[in-house]
Amino acid sequence: MRVLNSILLFAASLAITACTSSGMRSMDYKKNLSDPVAKRTLLAQCISDFNRQSQNKRANMAVVMRISEKDAPSVFCKRLVDGIASGRITTSDVETTNSQHVSPKVLKVILGQ
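**Q** An account of the state of the cysteines is requested, with residue identities and associated values reported.
**A** Tallied over the entire structure, the rule returns one disulfide. Each sulfur of the disulfide joining Cys46 and Cys77 lies 2.1 Å from the other. What sets the handedness of the Cys46 and Cys77 disulfide is the S-S torsion sign, and at about -85° it is left-handed. Placement of the pair is Cys46 in helix α3 (residues 36-51) and Cys77 in helix α5 (residues 72-86), with a sequence separation of 31 residues. A relative accessible area of 3% means that Cys46 is categorised as buried.

The structure is reproduced here in structure tokens:
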């Protein structure tokens, strides 16, 4: 469970980092993600942020998601961004994830369920 909590905290930090400094609300975020250029930009930023994490965190993420470590950055970010774009999760769901509370919706999205 400790590994899972650190992974979900990592997910929250990626989503928060990807927001603009003015702080997009969920509806604005969803609207912007309908633009393919904005979505590609967010994915690129997320992958860059993911790759800056320690080797151990990246390996743990890959194990939990049941994918290869090589594919982890793109798969993780695609799932997170697609989850927000589709409305399955909101930026609030991701931002409120912490070591004491893991949103089931965020977990399902990250696990690809």
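**Q** Mind laying out the pattern of salt bridges, listing which residues take part and the relevant values?
**A** Under the counting rule described, the total for this entry stands at four salt bridges. One salt bridge connects Asp71 with Lys70, and the closest N-O pair in it is separated by 3.6 Å. Lys70 gets classed as exposed once you look at its relative accessible area, which sits at 72%. Residues Asp82 and Lys78 are paired through a salt bridge, measuring 2.5 Å at the closest nitrogen-oxygen approach. Taken together, the residues span about one helical turn, with Asp82 and Lys78 both in helix α5 at a distance of four residues. A relative accessible area of 23% places Asp82 in the partly exposed class. Judged by its relative accessible area of 46%, Lys78 is partly exposed.

Definitions and cut-offs
Residues numbered from 1 in each chain as written. Predicted model: local features only at pLDDT ≥ 70, side-chain atom pairs only at ≥ 80, totals over all residues. Heavy atoms only, no water. Disulfide = S-S within 2.5 Å. Helix = DSSP H or I, 4+ residues; strand = E, 2+ residues; numbered from the N terminus. Buried < 20%, exposed > 50% of the residue type's maximum accessible area, 1.4 Å probe, protein only. Salt bridge = Lys/Arg side-chain N within 4 Å of Asp/Glu carboxyl O.

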